[in-house]
Amino acid sequence: EIYKSSRNFQKDFQKISERLFDVTGVRSAYYRFPGGSSGTGQLSIEECRAFFEEQGVTYIDWNVVAANGTKEDTSKTEIVRSVMEGVAMYETSIVLLYDSADQKMTAKALGALIDDLQEGGYELLPIDENKTPVQH
């Protein structure tokens, strides 16, 4: 629904932005498209970029996906393995982890994943203005 028109998308963005501000007192400088920026359907990514620029927002995609995106019964080991294999392919990685009622292993795998990343010499950093965003 949000990708059917620029108006729908912008209205949804404003609603989310206001809600986040009401709860946190902070305006988010970043946005992740539901489904990623390459899945915006009829909506032009250039039009979205122009809108985000007006809002002072940068959109972020990912280049590594945890194994649990496709099934409920993924093990902690599979999640960690898939992320470790993915981050090894890039200089900078942004990892998409699924956390929902039917994706409970993400939270259970997170400690082991962080440990393995740090032991592997990877640096865990926030997304901020000093990082080049991953964008599809």
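Reference entry: report on the structure contained in this document. (Residues numbered from 1 in each chain as written. Predicted model: local features only at pLDDT ≥ 70, side-chain atom pairs only at ≥ 80, totals over all residues. Heavy atoms only, no water.)

## Quick notes on the nonpolar core
It is characteristic of soluble globular proteins that their nonpolar side chains tend to be buried jointly. Basically, it comes down to this: Here, the term nonpolar core denotes a set of buried Ala, Val, Leu, Ile, Met, Phe, Trp, Tyr and Cys residues that are joined through side-chain atoms within 4.5 Å. In this scheme, a residue with accessible area under 20% of its type's maximum is buried, one over 50% is exposed, and one in between is partly exposed, where area comes from a 1.4 Å probe on protein chains only. Comment: elements are numbered from the N terminus, with helices defined as DSSP H or I runs of at least four residues and strands as E runs of at least two. Every residue pair with non-hydrogen atoms within 4.5 Å of one another is taken to be in contact.
One finds Ile 2, Tyr 3, Phe 9, Phe 13, Tyr 31, Phe 33, Leu 43, Cys 48, Phe 51, Phe 52, Val 57 and Tyr 59 forming the largest nonpolar core, which totals 12 residues. Among the elements that take part in this core, helix α2 (residues 45-55) stands out by supplying 3 residues, more than any other. When residues no more than four places from it in sequence are discounted, the contact partners of Phe 13 are Tyr 31, Phe 51, Phe 52, Gln 55 and Val 57.

## Focus: the side chain of Ser 82
Secondary-structure assignment places Ser 82 in helix α3 (residues 76-87). In contact with Ser 82, other than residues within four places in its own chain, are Val 64, Val 65, Ala 66 and Ala 67.

## Notes on the packing of helix α1 (residues 6-24) against α2
What counts, and what does not: The angle between two axes is taken between their N-to-C directions and runs from 0 to 180 degrees, where each axis is a line fitted to C-alpha atoms and a helix contributes only its stretch in contact. Should the near helix be turned anticlockwise from the far one by less than a right angle, the crossing is left-handed, and should it be turned clockwise, the crossing is right-handed. Residues were grouped as follows: Ala, Val, Leu, Ile, Met, Phe, Trp, Tyr, Cys and Pro as nonpolar; Asp, Glu, Lys and Arg as charged; and all remaining residues, including Gly, as polar.
At a minimum axis distance of 11 Å, the contact between α1 and α2 shows a crossing angle of 35°. Once α1 is placed against α2, the crossing between them reads as right-handed. Residues Ser 6, Phe 9, Gln 10, Phe 13 and Gln 14 of α1 form the contact with α2, whose own contacting residues are Glu 47, Cys 48, Phe 51, Phe 52 and Gln 55. Classifying every residue of the contact of α1 with α2 gives 5 nonpolar, 4 polar and 1 charged.

## Brief notes about helix α4 (residues 105-119)
What counts, and what does not: To estimate how far a helix should extend, the number of its residues minus one is multiplied by 1.5 Å. Bend is the name given here to the angle between axes fitted to two runs of seven residues, the run ending at a residue and the run starting at it.
With 15 residues, α4 ought to run about 21 Å at 1.5 Å a step, and its terminal C-alpha atoms sit 21 Å apart, in line with that. Of all the bends found along α4, the most pronounced is centred on Gly 111 and spans about 35°. Burial in α4 covers these residues: Thr 106, Ala 109, Leu 113 and Leu 117. Elements in contact with the buried residues of α4: α3. One or two residues past the end of α4 sits Gly 121, with phi positive at roughly 85°.

## A look at the packing of aromatic side chains
For clarity, the threshold we go by: Side-chain rings of Phe, Tyr and Trp (the six-membered ring for Trp) are treated as a pair once their centres are within 6.5 Å; stacked means planes under 30 degrees apart, edge-to-face means over 60, and tilted covers the remaining angles. Each ring is checked for a lysine NZ or an arginine CZ that lies within 6 Å of its centre and within 35 degrees of its normal; such an atom marks a charge sitting over the ring.
One pass over the structure, following the stated rule, counts 15 aromatic pairs. Plain terms: the ring middles of Phe 52 and Tyr 59 are 6.3 Å apart, the flat faces sit at 35° to each other, and that makes the pair tilted. In terms of burial, Phe 52 and Tyr 59 fall into one category: buried. A network of ring pairs unites the aromatic residues Tyr 3, Phe 9, Phe 13, Tyr 31, Phe 33, Phe 51, Phe 52 and Tyr 59 as a single cluster. Between the NZ or CZ atom of Arg 27 and the centre of the ring of Phe 21, over which it lies, the distance is 4.1 Å.

## Digging into the environment of Ala 107
Its location among the elements puts Ala 107 in helix α4. Distance in space between the C-alpha atoms of Ala 107 and Lys 76 is 9.1 Å, their sequence separation being 31 residues.

## Observations regarding the pattern of salt bridges
The condition that has to hold: We define a salt bridge as a side-chain nitrogen of Lys or Arg found within 4 Å of a carboxyl oxygen belonging to Asp or Glu.
Counting across every chain of the model gives 5 salt bridges. Among the ionic pairs, Arg 81 bridges to Glu 85, the shortest N-O distance being 3.2 Å. With Arg 81 and Glu 85 both in helix α3, this residue pair falls 4 residues apart, about one helical turn. Using a relative accessible area of 39% as the deciding quantity, one classes Arg 81 as partly exposed. Close ionic contact of Asp 128 with Lys 131 constitutes a salt bridge, the shortest N to O distance being 3.7 Å.

## Concerning the packing of α3 against α4
Just so we agree on the cut-off: Each angle is binned into one of four classes, with values under 35 degrees roughly parallel, values over 145 roughly antiparallel, values of 65 to 115 roughly perpendicular, and all other values oblique.
Taken N-terminus to C-terminus, the directions of α3 and α4 make an angle of 45°; their axes are 9 Å apart at the nearest point. Here α3 is positioned oblique relative to α4, judged by the angle of their axes. Judged by the twist between their axes, the crossing of α3 over α4 is right-handed. Within the contact between the two elements, α3 uses Lys 76, Ile 79, Val 80, Val 83, Met 84 and Val 87 and α4 uses Met 105, Thr 106, Lys 108, Ala 109, Ala 112, Leu 113, Asp 116 and Leu 117. Here the residues of the contact of α3 with α4 sort into 10 nonpolar, 1 polar and 3 charged.

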